[in-house]
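Listed below, chain by chain, are the residues.
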Amino acid sequence: MVTAVIMAGGKGTRLKLTGEKPLLKLKDRPMIDWVIQNLKKSSIEKLVVATSKHTPQTHKYLENRGMEIIKTPGNGYLEDLKIILSYFEAKDPSEVLLFISSDLPMVKGEIIDEILSRYHESHLPAMCVAVPLEIFNKYDLKPSFVWEGIVPSGVNILRSLNKIQDEEVILVPKIELALNINTCHDIKVLERLLVIE
């Protein structure tokens, strides 16, 4: 079974919002709803959301919708990741977990399924999905981290084991994976693409 874990516990400080980033409205719908909808249109079998002390309204919003939620400390991505892996490891150490940031509203179900297909063809327990830097340059987006001309997308697959796992890095040259909503410029690019759709 593959479970998707939506990471929705970050502070979202770069956007300088008065509210919480996962609840930022895009076409009158909270951004996290776009992520949930896309995952529901994929072959993912189960959805879980990780919230923290930084996103209490997101927690309440999702709780009211009956979503399964894991509460994390919100002290950083890696620390929260370890807690989530331990949570799943205690239940089933062989489960496959697809992690996706709550600020990736355009990653459609077919892209998720393409990534999962490549994961199932791989012989390694983990996978990092990256985007070529050229995609960021084409849309004038600023990546938060660049490594040898590629940018991690915010989508990763791991086994439910709280330990370092050998991973394959795959390149998926799609704007949908590059468009993390971190700045006002990112929102403008997203709105243009949503109009095109």
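Quick look at the structure, then. (Residues numbered from 1 in each chain as written. Predicted model: local features only at pLDDT ≥ 70, side-chain atom pairs only at ≥ 80, totals over all residues. Heavy atoms only, no water.)

1. Concerning the nonpolar core
Alright, step 1. Of all hydrophobic cores here, the largest spans 49 residues; its most connected members are L39, I44, L98, I100 and L177.
Alright, step 2. Element by element, the count of residues in this core is highest for helix α1 (residues 31–40), at six residues.
Alright, step 3. Formed by 13 residues, the second largest nonpolar core is a distinct cluster that contains I70, L97, F99 and L158. (Core = buried A, V, L, I, M, F, W, Y, C linked by side-chain atoms within 4.5 Å. Buried < 20%, exposed > 50% of the residue type's maximum accessible area, 1.4 Å probe, protein only. Helix = DSSP H or I, 4+ residues; strand = E, 2+ residues; numbered from the N terminus.)

2. Considerations on the packing of α1 against helix α2 (residues 56–64)
Alright, step 1. It is the contact of α1 with α2, at a shortest axis distance of 11 Å, that shows an interaxial angle of 45 degrees. Accordingly, the angle class assigned to the pair α1 and α2 is oblique. The element α1 and its partner α2 pack so that their crossing is right-handed. Facing I32, D33 and I36 of α1, the residues of α2 in contact are T58, Y61 and L62.
Alright, step 2. Across the contact of α1 with α2, the residue classes tally to four nonpolar, one polar and one charged. (Axes fitted to C-alpha atoms, helices over the stretch in contact; angles between N-to-C directions. Parallel < 35°, antiparallel > 145°, perpendicular 65-115°, else oblique. Left-handed = near helix turned anticlockwise from the far one by under 90°. Contact = heavy atoms within 4.5 Å. Nonpolar A, V, L, I, M, F, W, Y, C, P; charged D, E, K, R; others polar.)

3. Notes on the pattern of salt bridges
Alright, step 1. This structure, assessed with the given rule, holds four salt bridges.
Alright, step 2. Between K21 and D103 there is a salt bridge; the shortest N-O distance is 2.8 Å. With K21 in the loop between β1 (2–7) and β2 (25–26) and D103 in the loop between β6 (96–101) and α4 (109–121), this residue pair connects regions lying 82 residues apart in the sequence.
Alright, step 3. Classification of K21 as buried rests on a relative accessible area of 12%.
Alright, step 4. Take D103: its relative accessible area is 7%, and that puts it in the buried class.
Alright, step 5. Two residues, E68 and K91, come together in a salt bridge whose shortest N-O distance is 3.9 Å. Highlighted residues: E68 in strand β5 (residues 68–71) and K91 in helix α3 (residues 77–91), separated in sequence by 23 residues. (Salt bridge = Lys/Arg side-chain N within 4 Å of Asp/Glu carboxyl O.)

4. Topic: the environment of I44
Alright, step 1. Looking at the secondary structure, you find I44 in the loop between α1 and β4 (46–51).
Alright, step 2. You can call I44 buried: its relative accessible area is 12%.

5. Here we look at the sheet that holds β6
Alright, step 1. Strand order in the open sheet made by the seven strands is β5-β4-β1-β6-β8-β7-β9, with mixed pairing throughout. Two strands close off the open sheet at either side, each with one partner strand: β5 and β9 (167–171). Ignoring which end each strand starts from, the neighbouring axes of this sheet average 25 degrees apart.
Alright, step 2. Direction of pairing for β4 relative to β5: parallel, over a ladder of four bridges. Bridging from a neighbouring strand, T51 pairs with K71 of β5. (Pairing = 2+ DSSP bridges.)

6. Brief notes about α2
Alright, step 1. Along α2, the residues classified as buried are T58, H59 and L62. When α2 is viewed along its axis, its buried side chains cluster within an angular range of 100 degrees and face the same direction.
Alright, step 2. Residues of α2 that are buried make contact with α1, β4 and β5.
Alright, step 3. Backbone geometry just after α2 places G66 at a positive phi near 80 degrees. (Arc of directions from axis to C-beta.)

7. As for α4
Alright, step 1. In this model α4 runs 18 Å from its N-terminal to its C-terminal C-alpha over 13 residues, within 8% of the 18 Å that 1.5 Å per residue would give.
Alright, step 2. Among the residues of α4, those classed as buried are G109, I111, I112, I115, L116 and Y119. Seen end-on, α4 carries its buried residues on one side only, within an arc spanning 160 degrees. Exposed residues pointing more than 90 degrees away from the buried face of α4 are listed as E110 and E121.
Alright, step 3. Where α4 is buried, its residues contact β1, α1, β6, β7 (126–132), β8 (150–159) and α6 (175–178). (Expected span 1.5 Å × (residues − 1).)

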